[in-house]
Amino acid sequence: HSHTATMDSVLLKDETLKDWMGKGRAAALALLGGAPGLTTDGLPTLTVAVCELCRAVLRGALSEANAAALFASAELRADANRFEALQTVIADALWYLGVETEGVSDARKLRLVQLVRACVDGGALPAALLKETLEVELLAAGGLVPSADIFKRKEVKVNTAQKYAQQKYNLLREESEGYSKLMAELAELPVPASHAVLAGTATRGVGKSASATVRNVQSLIGYFDLDPNRVCDVILSYVQAAPAARAPASLALLDLFRPSALPQILGARFHQPAATAALAASGAVADELKGRPSAPTPTALYALSAALVVAGRVSTLALLPHLTPSLAAATERHREAQKEALRAASKIGSISLNAPAPDALLGVSDTSAYKGGHRRRGGGEVAADDEGAAVTELEDPSVPIATALAAACRRAENEGGVGEQAEPLSLHQPLGLLHALLRARDWAKVSELLSLLAPLQPAGHPDVSEQLSGWLSESIAKAYAPISPSAPASAVFPTPEDAFEALGGLASELALTLGLWLYRTPLLFAQLCRLCVVALGPSPQTADSPASARVLALLEGALLPALTQLKANAGMAAEMWSVVSLLPYTQRYALYASLKDKSVGAGGGRADWLPLIASWKGGVNEAKRIMRRLSKDNTKQYGRQLAKASHAHPLAVLDVLVAQVESYENLIAAVVESLRWLSPLAFDCLSFSLLEHLGAGRARLKDDGLNASHWLQSLAAFTAAIYRRHFGIELRGLLHYLAHALKAGQSTQLLLLTALLKTMALHEHVDELSDEQIDALGGSDALRAASLDLAGAAGTKAVSKKGATRLVSEMMADGLIARLLVLLGRQRATICHAVDTPHLKLVGEMHDRCHDALMQFVAFMTANVPSADYAALLPPVDKLVLGHAVEVEIAFTFAA
């Protein structure tokens, strides 16, 4: 309405309205019956057109009869819904014009009254709608009400009777009888056979139809004039006493009451204060409970609310505003707790000489929460399968509430809870409702509440994660039973399709919701890993296959983060490796990169990555402690400690190890020897860390621009020594990295290739030969190989042969031999032009190194690949020269 006061007549000009029977009526009808739209001012076209027509009547440009006839025309009545909306707009416009002309006694006021009368008489507007919309004075002037004063007095009486008058109930006469009969009727409701003991008060037999009880309760409300809200509250109290047994039959009674009132009545039960003197007497308790419920919430009330939500009687959105703490307050409190925990996590490993010796900075991944492989319960709740279980610690009146609250929070923090995750369920009603919905096993309602509570990370609460884990275990139990170690020999092993289906749908949603908190149930962790192995199947999966995509989502979202929270659990690391070993190295490295980004706090250290950040800091701190003490004399002792530390977060430990080797070359031999106790998963993470450090954007040359940097020399020597000593480590990724580096023109990576050939296969290009070796080069292939056989001279012929065979097999499997030869040849041909330096000596040195690496690689290939296979791998000489831009003499060297 604010726009109508200043709105000019822009849609219907007075000239158009004067020719009403000609083009005026048609233009107005087109505006009122046309498609909805907006004017240039952003106002609805229908509203503007109605206001202009009404103002035209007040100005005298249009008669009241013509306007009323237009509003009631058959063309506008064709669409009933649109005509109803038009009536509402006309009534609003008349109300506004009435307010505008209030207190004015001119022709405009008279025309407005006549327009109102004409609209009612012509059937354009119902009188009831105008009575709801217009002011009393305008209604009286138009003859719609007898008198304004009488109407106002009647309105006051009605409002007082509906909103202010309170009906008094006599609780000492007929109403007491009504409520006693109500309780008797409730006792007649049928209960499940498993709870038949609750039917002991029934007088008409167990199993009577609930419809008869509903009719009787309805009659009681009418006969004894009972308050419906109080009756509804009595029914809720009856159900709350035993929700599992009484809720199914009692839900039919709730249909007697208004659905909008049920959330209010149920919400009031969450605010009922506790009748305990301790709360009123102790100011310390009041401070502890600030922003929390005034009393512990009974578990049965959560169960009752969950039953009503699952049955659709109450919506989660309608109930949340009644719960304490409010979502806004809980989110703010949780955010502050996370910030504090992040600050504490960032100080792990830091030493302050002025600070006192602190306790553990953060309780994440604390293994004290495990007793014999089972999770210790947290959150102050005692799980119970039915009513009558032991009361929780916070519900025990003999325990001071402040003491119980502190104890419950400490137990939750021992299991990694931070902020709201460390709150006991009895004092956190939104999380308590979520816990009850999880026990009801209704994923639609659970997911709705989870999305609302997402800022609190509810899966981190010990009791919530316990229910999620239990539900997930139930969902995969059927598929896992045949592959369980305890399965009978006759069990039918599931197919990859069966395992794929078991890991999808609800199981996938539960696992991703649980996330890294899966670590609290190691048995479930192992079961998921084994199902993933079956889902991937015996044959290799392509990167875009559905099975691979589903397993990758589980690995990235739950399994790998959960592994970082398990302390020194070699069994779980082995289960993880059984899954990731079936994936291509590219997918494995992508998983490791994603996990490391979250663990190091990339992107500002998001609070939901707090457990990963803390475990990374802890792994780094432990690795640094071990590396400070490692030497060639104690590799066995500290090698085992290094392996133990790498079981949980191998990326953190091995990242420190590689960084230390880059700085201290004398550690290479000791570190290589100490790695013999690493798990296969740790070795795979080591191969990723090596590539990550090799590809780091750092200067690869010293300040002289000629020699390789110290870190690159140390890392190349360490990489070659690792691959020579430990044959189980992934080699394909390193070889592909070399090929891509040479393709990008990174000539400094030739240092890594020569180190691999020299260390793994003991094959080195010798610049200065003795006279005897020069003479031997003129003999047969066997004589030439014997004269340059460094492995035979070193007495490590078997080891070098094994390393050389592995290098050749990996290169042949991926077709890298010809590719590396061509790349090395092109590098030699273009390096003189690619080096951006005016020093001729530097250009010549780089060319010589490239030529030496090329000759070393060619000699290695000709010595370890059969001649026929080697010739089949190489392109023809003309294609090498013309197609790949290899120099002629190098092409003939390849083919020699």
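Keep in mind the model is a prediction, meaning the values are calculated, not measured. (Residues numbered from 1 in each chain as written. Predicted model: local features only at pLDDT ≥ 70, side-chain atom pairs only at ≥ 80, totals over all residues. Heavy atoms only, no water.)

1. With respect to the overall build of the chain
Formally: Numbering of helices and strands starts at the N terminus; helices are DSSP runs of H or I of at least 4 residues and strands are runs of E of at least 2. Exposure categories follow from relative accessible area, calculated using a 1.4 Å probe and restricted to protein chains: below 20% of the type maximum is buried, above 50% is exposed, and the middle band is partly exposed. Note on contacts: a residue pair is in contact if any heavy atoms of the two residues lie within 4.5 Å. Accessible areas in this description were obtained via Shrake-Rupley with a 1.4 Å probe; residue shielding takes into account the shown protein chains only.
When you go through the chain residue by residue, the secondary structure sums to 47 helices and two strands. In the chain, buried positions account for 47% of the 896 residues. Counted over contacts in the chain with a minimum sequence separation of 6, partners at least 24 positions apart contribute 74%. In the structure as shown, the chain presents an accessible area of about 42,400 Å², 56% of it carried by carbon and sulfur atoms.

2. What about the packing of aromatic side chains?
Threshold: Centres within 6.5 Å are what make two rings of Phe, Tyr or Trp a pair, Trp counting through its six-membered ring; a difference in plane orientation under 30 degrees is then read as stacked, over 60 as edge-to-face, and the rest as tilted. Lysine NZ or arginine CZ positioned within 6 Å of the ring centre and within 35 degrees of the ring normal marks a charge as sitting over the ring.
Considering all chains together, one arrives at eight aromatic pairs under this definition. Note on Tyr223 and Phe224: the rings are 4.9 Å apart at their centroids and 80° apart in plane angle, and the pair reads as edge-to-face. On the accessibility criterion, Tyr223 (70% relative accessible area) is exposed. Their ring planes at 40° and their centres at 6.3 Å tell us that Trp517 and Tyr519 sit as a pair that is tilted. By the burial criterion, Trp517 is buried, and Tyr519 matches it. Through successive ring pairs, a cluster of aromatic residues spans Tyr585, Tyr589, Tyr592 and Phe688. Over the face of the ring belonging to Tyr238 we find Arg246, whose NZ or CZ atom lies 4.2 Å from the ring centre.

3. A word on the environment of Ala535
Along the chain, the position of Ala535 falls in helix 27 (residues 522-536). You can call Ala535 buried: its relative accessible area is 3%.

4. Observations regarding the environment of Val231
On the secondary structure map, Val231 appears in helix 13 (residues 228-240). A relative accessible area of 0% places Val231 in the buried class. Here the alpha-carbon distance between Val231 and Leu182, two residues 49 residues apart in the chain, equals 8.2 Å. Those residues in contact with Val231, other than ones at most four positions away along the chain, are Tyr179, Leu182, Ile221, Leu226 and Phe257.

5. As for the side chain of Thr16
Turning to its location among the elements, Thr16 is positioned in helix 1 (residues 14-18). Residues in contact with Thr16, not counting those within four places in the same chain, are Lys23, Gly24 and Ala27.

6. A word on the packing of helix 33 (residues 650-663) against helix 36 (residues 710-725)
Where we set the bar: Helix axes use the C-alpha atoms of the stretch in contact, all axes being lines fitted to C-alpha atoms, and the angles between their N-to-C directions lie in the range 0 to 180 degrees. Angles below 35 degrees are treated as roughly parallel, those above 145 as roughly antiparallel, those between 65 and 115 as roughly perpendicular, and all remaining angles as oblique. Handedness of a helix crossing follows the sense of rotation of the near helix relative to the far helix, less than a right angle counterclockwise being left-handed and clockwise being right-handed. The residue classification treats Ala, Val, Leu, Ile, Met, Phe, Trp, Tyr, Cys and Pro as nonpolar and Asp, Glu, Lys and Arg as charged. All others, Gly included, are polar.
Orientation of helix 33 relative to helix 36, taken along the N-to-C sense of each, is 120°, at an axis distance of 7 Å. In terms of axis orientation, helix 33 runs oblique to helix 36. The handedness of the crossing between helix 33 and helix 36 comes out as right-handed. Here Leu657, Val658, Val661, Glu662 and Ser663 of helix 33 lie close against helix 36, whose contacting residues are His710, Trp711, Ser714, Leu715 and Phe718. Of the residues contributing to the contact of helix 33 with helix 36, the split by class is six nonpolar, three polar and one charged.

7. Examining the state of the cysteines
So the rule is basically this: Disulfide assignment relies on a single distance test, namely cysteine sulfur atoms paired within 2.5 Å.
As enumerated under the stated definition, the model contains zero disulfides in all. Unpaired in this structure, Cys529 has its nearest cysteine sulfur neighbour in Cys532, at a distance of 6.4 Å. Overall, Cys532 belongs to the buried group, its relative accessible area being 0%.

8. So, the confidence of the model for the chain
As a reminder of what qualifies: What pLDDT expresses is the predictor's confidence in each residue, scored from 0 to 100.
When pLDDT is averaged across the chain, the result is 80; 79% of the residues are at 70 or more. A low-confidence stretch, residues 273-286 stays under pLDDT 50, and its non-local contacts, those more than four residues away or across chains, total 10 contacts. Low pLDDT (under 50) marks residues 791-798, which in the prediction has seven contacts with non-local residues, meaning those over four places away or in another chain.

9. Some points on the pattern of salt bridges
Using the following cut-off: Note on definitions: salt bridges are taken to be side-chain nitrogens of Lys or Arg within 4 Å of carboxyl oxygens of Asp or Glu.
Taken as a whole and assessed by the stated rule, the structure comprises 23 salt bridges. Here Asp233 and Arg269 are joined by a salt bridge, their closest N and O atoms 2.8 Å apart. On the criterion of sequence distance, the pair formed by Asp233 in helix 13 and Arg269 in helix 15 (residues 262-270) is long-range, its members being 36 residues apart. A salt bridge links Arg343 to Glu340; the nearest nitrogen and oxygen atoms lie 2.6 Å apart. Highlighted residues: Arg343 and Glu340, both in helix 20 (residues 327-346), separated by three residues, approximately one helical turn. Judged by relative accessible area, Arg343 falls into the partly exposed class, the value being 43%. Through salt bridges with shared partners, a single ionic network connects Arg55, Glu100 and Arg108.

10. As for the nonpolar core
Nonpolar side chains in soluble globular proteins tend to end up buried together. As a reminder of what qualifies: Side-chain atoms within 4.5 Å are what join buried Ala, Val, Leu, Ile, Met, Phe, Trp, Tyr and Cys residues into a set we call a nonpolar core.
Leu675, Phe718 and Phe894 are the most contacted members of the largest nonpolar core, which totals 192 residues. Formed by 46 residues, the second largest nonpolar core is a distinct cluster that contains Val50, Ala68, Leu86 and Leu144.

11. A word on unusual backbone geometry
With an omega of 0°, the peptide bond running from Thr324 to Pro325 counts as cis. Within the secondary structure, Pro325 is located in the loop between helix 19 (316-319) and helix 20. The backbone of Gln457 shows a phi angle near 50°, a positive value even though the residue is not glycine. Not every positive phi belongs to a glycine, and Ala885 is a case in point at roughly 55°. Tracing the chain through its elements places Ala885 in the loop between helix 46 (877-883) and helix 47 (888-895).

12. Side note on helix 22 (residues 429-440)
Selection criterion: Helix span, as expected, comes to 1.5 Å for every residue beyond the first.
Between its terminal C-alpha atoms helix 22 stretches 16 Å, which fits the 16 Å expected from 12 residues at 1.5 Å a residue. Of all the positions in helix 22, only Gln429, Pro430, Leu431, Gly432, Leu433, Leu434, His435, Ala436, Leu437 and Leu438 are classed as buried. Backbone geometry just after helix 22 places Arg441 at a positive phi near 60°.

13. Overview of the environment of Ala330
Inspection of the secondary structure puts Ala330 in helix 20. Along the primary structure Ala330 and Leu453 are separated by 123 residues, whereas in three dimensions their C-alpha atoms are 9.4 Å apart.

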